[in-house]
Amino acid sequence: GNYADTNDMVLPYWDRSADALTYKTYDDSANTWSETAIASSMVDSATVFPQFAAVVRPSDGHVLLFAWDGYDVATADLKCWDIIPGTSVTAKTDVVTNADDCGAVAVILDTSNGYLYAFYLGLSDGSQVIGTTVGIYYKVSVDGGTNWGSEQVLHNAYLSDFRFITASPHIGQPTVLPVLWQDNATDELITSAPKYPRASSMVGIG
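Residues numbered from 1 in each chain as written. Predicted model: local features only at pLDDT ≥ 70, side-chain atom pairs only at ≥ 80, totals over all residues. Heavy atoms only, no water.

Chemist: Please explain the pattern of salt bridges as it appears in this structure.
Modeler: Close approach of charged atoms allows side chains with opposite charge to pair. Applying the stated criterion across every chain, the model contains 6 salt bridges. As a salt-bridge pair, D82 and R57 come within 3.4 Å of each other at their nearest N and O atoms. Within this pair, whereas D82 is found in strand β6 (residues 78–84), its partner R57 is found in the loop between β4 (52–56) and β5 (63–68), the two being separated by 25 residues in sequence. On the basis of relative accessibility, which here comes to 10%, the residue D82 falls in the buried class. The class of R57 is buried, set by a relative accessible area of 15%. Here R163 and D161 are joined by a salt bridge, their closest N and O atoms 2.8 Å apart. Here the salt bridges share partners, and the residues they tie into one network are R57, D60 and D82. (Salt bridge = Lys/Arg side-chain N within 4 Å of Asp/Glu carboxyl O. Helix = DSSP H or I, 4+ residues; strand = E, 2+ residues; numbered from the N terminus. Buried < 20%, exposed > 50% of the residue type's maximum accessible area, 1.4 Å probe, protein only.)

Okay, structure coming up:
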């Protein structure tokens, strides 16, 4: 959490019983927890996960948090917040808006240039079926979540019942994007090694 006491900690927390997303702060010196609200009306999924992910930006200690506010509904948005722990929670531009049949999220921050990569299951146009046949897609932001480029394909060589996705949160100018996902139909863990996208090929990057 970039606190003066490096033993203090920030923990993003999804309260399913209240459909609420918060973050809890642990004060090591006082041995206490406090809680700060982020968003309400956050409906989680019991079968596709994780529905939220976070990464700390080393350059300033901000926590960048991503979460779906719904699952398998036409109004589901993949939201993004910039959190300065103990100071502010700022909503950034949604990664995906009104996307039925999408779910799960993983995030990568390229520490060499600050690019944010948000990965998710299912095309955002709703043409695939979450829990049955989806691919893996992502968008990129070069300005901390203020703007997002066009939807990119990580994997759609075949579509399947993908239900879990994760990624290494910090990278620095890699030749691959380290993403791992699970195929519920075959009980396999799968990884992809696409070419690292050049800035000139991304929408919104000159």
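Chemist: Would you mind showing me how to read the sheet that holds strand β9 (residues 116–121) here?
Modeler: Two pairing modes exist for strands in a sheet, parallel and antiparallel, and in both the strands are linked by backbone hydrogen bonds. Ordered in space as β11-β10-β9-β8-β13, the 5 strands form an open sheet in which the pairing is mixed. Edge strands, defined here as strands with exactly one partner in the open sheet, are β11 (152–160) and β13 (170–171). (Pairing = 2+ DSSP bridges.)

Chemist: Help me out: how do you make sense of the nonpolar core in this one?
Modeler: Within soluble globular proteins, side chains that are nonpolar tend to cluster in buried spots. Within the largest apolar cluster, 23 residues are counted, with the highest numbers of intra-cluster contacts made by Y117, F119, L121, I165, V179 and W181. Contributions of two or more residues to this core are made by β8 (103–110), β9, β10 (134–141), β12 (162–167) and β14 (179–183). By residue number, the principal contributor to this core is β10, which donates 4 residues. If sequence neighbours within four positions are ignored, I165 has contacts with F49, P50, A104, V105, A106, F119, Y120, L121, I136, V179, L180 and W181. (Core = buried A, V, L, I, M, F, W, Y, C linked by side-chain atoms within 4.5 Å. Contact = heavy atoms within 4.5 Å.)

Everything listed here is a matter of coordinates, which is why it stays silent on function.
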